[in-house]
Amino acid sequence: MSQHWFEEIPTEDPIAKVNVDPHELNNLEKKEKEKEKEKEEKEKENEKKKKRSIDNSFESKVKYESDTFKLNAFNLNLEDLCNFEKIITSPSTLKVLELPSCILSPIVFTKIFSSLITCSTLTELNLHNNLPDNNASKVLANFLKKNLNLQVLRLSRSLVGIAEIETDQSIIFESIATLTQLKILDLCAFIDTRYNGNELTEALKKLENLEQLELASSTFNASFDFNSLLLALNNCFKLKILNFSGCKLYGNYIQALSSFIRYNHSIIFINLSKNNLNSEHLKLLQPAINLNTSIQFLSFRANLFNNSNCESAIAKIISTNASIIDLNLTRCKLQNITNIPSNLRENCVLKRINLTANNIAEKSISSLLNDFIHCPSLIVADLRFNNGKCKNHKRESLVIQRLIELDGTLNTKKLQINYK
């Protein structure tokens, strides 16, 4: 029967479908699979972004209990303040408030402490790396005066910008002076200006219960009365930890510090690292350190002890002082210390000595190894990264650690030597 003129004629040749190149089919399939993979990857990436936004949210960063609020390294803005007030439902019972590195703007700073106006039970406040302006400082000062039971106050890098913004922060130091129960005061990176130098000294006179003072990386100008500050610390009869690391102390400051060390009998730890101390400074400090009977931890890390006078003074400290158990001499550019080992044998207190990253020659290292073994009290002696046989900028690494057997008495006959 003949085909009617009105019947639909197929537009595609069925034979042409059969004769399609198989390579083209494979390419088409591959492209489709690639598109599907791309789609899946995009979906996964979107899910990750959502998760990140949730993880970085205010609620996810906050650690809050009935009396503790902690928020670390979060850019707290005005939008989050409502959440802040909702979370702290009972500020009157708050004991610990930590807001380090939250980049608080003066407005946010002011509003936070205004919302905590009923809080008077705080024992610990951490405002590390936040910069209040003059108005915010007044709010903080009033807040501190209400919390007279405060024991830990951390304002490190919160007073750094005073020199640039020229604001009077004396009101903060006046409020600190009222905190008679304060045990730890952290003012690292403090900048002495015409506004607050004397106020800091006056505040320290009132802190009789202070146990730890952190002033690392602080800047004192040439006219600052450092001796008065140290005299004020004599009123802190419980002071145990004193950190002057990185303060670039002047010559007159070292003389005042030497007198302080000589007559102070409460300091256990003193940090004088990164102060560019040289042989003249060490000459002033060494007699005072020898007479001190309380210092147990002494750090001279990263100073300039690169001559024989320094090495001789260090040897006297080790052999004469009867209280130091931990001595840090890392990165002091020491070279020839052959006179130290014989003195080490006489010392029955020193437990740890760190001589890492100096310029001690190979012969001196060999001599030190022999004498450290015979030192009765020494537990750890660190000689890593000194000038042994160096190839390709790799320094010989050496650590000595004494094994202690707990059998009722300390047996120090065994010694472990590790080469790393």
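Above: the structure in question.
Being a predicted model, the structure only gives us computed values, none of them experimental. (Residues numbered from 1 in each chain as written. Predicted model: local features only at pLDDT ≥ 70, side-chain atom pairs only at ≥ 80, totals over all residues. Heavy atoms only, no water.)

1. Observations concerning the overall build of the protein chain
Right, so step 1: Each helix and strand counted, the protein chain has 15 helices and 19 strands in total.
Right, so step 2: Sorting the 420 residues of the protein chain into buried and exposed places 44% on the buried side.
Right, so step 3: Taking all contacts inside the protein chain whose residues are at least 6 apart in sequence as the whole, residues at least 24 apart take part in 78%.
Right, so step 4: Accessible surface computed for the protein chain: about 23,100 Å², of which carbon and sulfur atoms make up 50%. (Helix = DSSP H or I, 4+ residues; strand = E, 2+ residues; numbered from the N terminus. Buried < 20%, exposed > 50% of the residue type's maximum accessible area, 1.4 Å probe, protein only. Contact = heavy atoms within 4.5 Å. Areas by Shrake-Rupley, 256 points an atom, 1.4 Å probe, with all protein chains shown as cover.)

2. Thoughts on helix H5 (residues 106-115)
Right, so step 1: Buried within H5 are the following residues: Val 108, Phe 109, Ile 112 and Phe 113. Projected onto a plane normal to the axis of H5, the buried residues spread over an arc of 120° and lie on a single side. (Arc of directions from axis to C-beta.)

3. Quick look at the packing of aromatic side chains
Right, so step 1: Applying the stated rule across the entire model yields 11 aromatic pairs.
Right, so step 2: Aromatic side chains Phe 109 and Phe 113 sit 5.0 Å apart centroid to centroid with 40° between the ring planes, which places their arrangement in the tilted category. Residue Phe 109 and its partner Phe 113 are both found in helix H5; the two are separated by 4 residues, about one turn of the helix.
Right, so step 3: Judged by relative accessible area, which is 1%, Phe 109 ranks as buried.
Right, so step 4: On the accessibility criterion, Phe 113 (3% relative accessible area) is buried.
Right, so step 5: Site record: aromatic cluster; members linked through ring pairs are Phe 173, Phe 190, Phe 220, Phe 224, Phe 226, Phe 244 and Tyr 253. (Phe/Tyr/Trp six-rings, centres within 6.5 Å; stacked < 30°, edge-to-face > 60°.)

4. A look at the pattern of salt bridges
Right, so step 1: Inspection of every chain in the model, using the stated rule, returns 4 salt bridges.
Right, so step 2: We note a salt bridge from Lys 205 to Glu 202, for which the minimum N-O separation is 3.1 Å. A residue pair is termed a helical-turn pair when its members lie 3 or 4 positions apart in one helix, as Lys 205 and Glu 202 do in helix H9 (residues 197-206) at 3 residues.
Right, so step 3: For Lys 205, a relative accessible area of 35% gives the class partly exposed.
Right, so step 4: Residue Glu 202 is classed as partly exposed on the basis of its relative accessible area of 42%.
Right, so step 5: Residue Arg 352 is joined to Asp 326 by a salt bridge in which the shortest nitrogen-to-oxygen separation is 2.9 Å. Of this pair, Arg 352 sits in strand S12 (residues 352-354) while Asp 326 is found in strand S11 (residues 326-328), placing the two residues 26 residues apart along the sequence. (Salt bridge = Lys/Arg side-chain N within 4 Å of Asp/Glu carboxyl O.)

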